[in-house]
Amino acid sequence: MRRHSALGALLLGLMLMSAGSALAQSESELTYAEYRAIAQTAVQLKHCAMFEPLDGEVGMNLVVGDRFGKLNVFRMLPGDQRELVWTSRQLVGAVMEVLVADLDVDSLDDHLVCRTQRHVYVFKLGDFFQAYETESGRYNDIRAFTVANVDNDPAAEIIINADNKLYYLDGANFSDEYTSLNDFQATRIRCGDVTGDGRNEIVLDTGQVVNASTGEVIWGDETFGPRLELLDVDGDGILEVLTEGDGTPLKVWDIDFRQEKRF
């Protein structure tokens, strides 16, 4: 009996140790390699985005917009574990681009924004309640969009290039704020202060830099290419425009000097 009791205690101890080890593994953070793989996917593919779990849970959430018209949120857990968190209803058309956005400009991501060819959808993070959907027939061809604060109110705007115009939607009540007079045909849009005037400009991959307040094209002498990002490379407090394409080298543009930057 004593042998059996001792053996049982040993087995129980091993089981508890194993369970504790598994629990510790499940509660550990993502490795750098796991995080890098998720980030690369979210950054390189317009149909994907990432955001941290809102309640401090382990892992990283990856949003995948598929060609069947649905958004899917997966929690990417350590050790190549995956958990489906949420799937949207059927949207109108294939998902073309996904963004995670801070619409109330409090430095915390609060909404999931996506576009199909003719519609823009906004879902709240957390419960994924649908906060907005473009009314039917509003747009025929949405080519690009982004989120940024481009006016004086406290909410960000959803900036849309559709039907050759730029449109602003208010991020608080989703009302139409602006329609451009000029025509634009961008497939990527970025916003930031690239002139050093303390206000955000709209930068299009087609080469135009637009004053967000007036709609005036303040520079349009170059074609930037299919991929662009804004980053203060030289540390002068002004964002540079970084552009590249398949088979073309990286170019860095100083918009405030209207020329390519040489280091």
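Residues numbered from 1 in each chain as written. Predicted model: local features only at pLDDT ≥ 70, side-chain atom pairs only at ≥ 80, totals over all residues. Heavy atoms only, no water.

1. Thoughts on the sheet that holds strand 15 (residues 209–211)
Paired through backbone hydrogen bonds, the strands of a sheet run either parallel or antiparallel to each other. Spatially, 13-14-15-16 is the arrangement adopted by the four strands of the open sheet, whose pairing is antiparallel. Here the strands that pair on one side only, and so sit at the sheet edges, are strand 13 (189–192) and strand 16 (217–219). Along the sheet, successive strands turn relative to each other by an average axial angle of 35°, direction set aside. In this structure, strand 14 (residues 201–204) lies alongside strand 15, joined through three bridges in antiparallel fashion. Counted as the bridge partner of Ile202 is Val210 from strand 15. (Pairing = 2+ DSSP bridges. Helix = DSSP H or I, 4+ residues; strand = E, 2+ residues; numbered from the N terminus. Axes fitted to C-alpha atoms, helices over the stretch in contact; angles between N-to-C directions.)

2. A closer look at the sheet that holds strand 17 (residues 227–231)
Pairing in this open sheet of four strands is antiparallel, and the strands run 17-18-19-20 from one edge to the other. Looking at which strands have only one partner, the edges of the open sheet turn out to be strand 17 and strand 20 (259–260). Alignment of strand 18 (residues 240–245) against strand 19 (residues 248–254), held across four bridges, turns out to be antiparallel. When the bridges of strand 19 are listed, Leu242 appears paired with Val252.

3. Thoughts on the pairing of strand 9 (residues 142–148)
Burial of strand 9 is extensive: five of the seven residues sit out of reach of the surface. Examined bridge by bridge, strand 9 and strand 10 (residues 157–162) share six bridges and lie antiparallel to one another. Paired with Ala148 across the two strands is Glu157, which belongs to strand 10. (Buried < 20%, exposed > 50% of the residue type's maximum accessible area, 1.4 Å probe, protein only.)

4. Remarks on the pattern of salt bridges
Under the counting rule described, the total for this entry stands at 13 salt bridges. A salt bridge links Arg138 to Asp176; the nearest nitrogen and oxygen atoms lie 3.5 Å apart. Residue Arg138 is located in the loop between strand 8 (130–133) and strand 9, and its partner Asp176 is located in strand 12 (residues 176–179); the two are separated by 38 residues in the primary sequence. Relative accessible area serves as the criterion here: at 23%, Arg138 is assigned to the partly exposed category. (Salt bridge = Lys/Arg side-chain N within 4 Å of Asp/Glu carboxyl O.)

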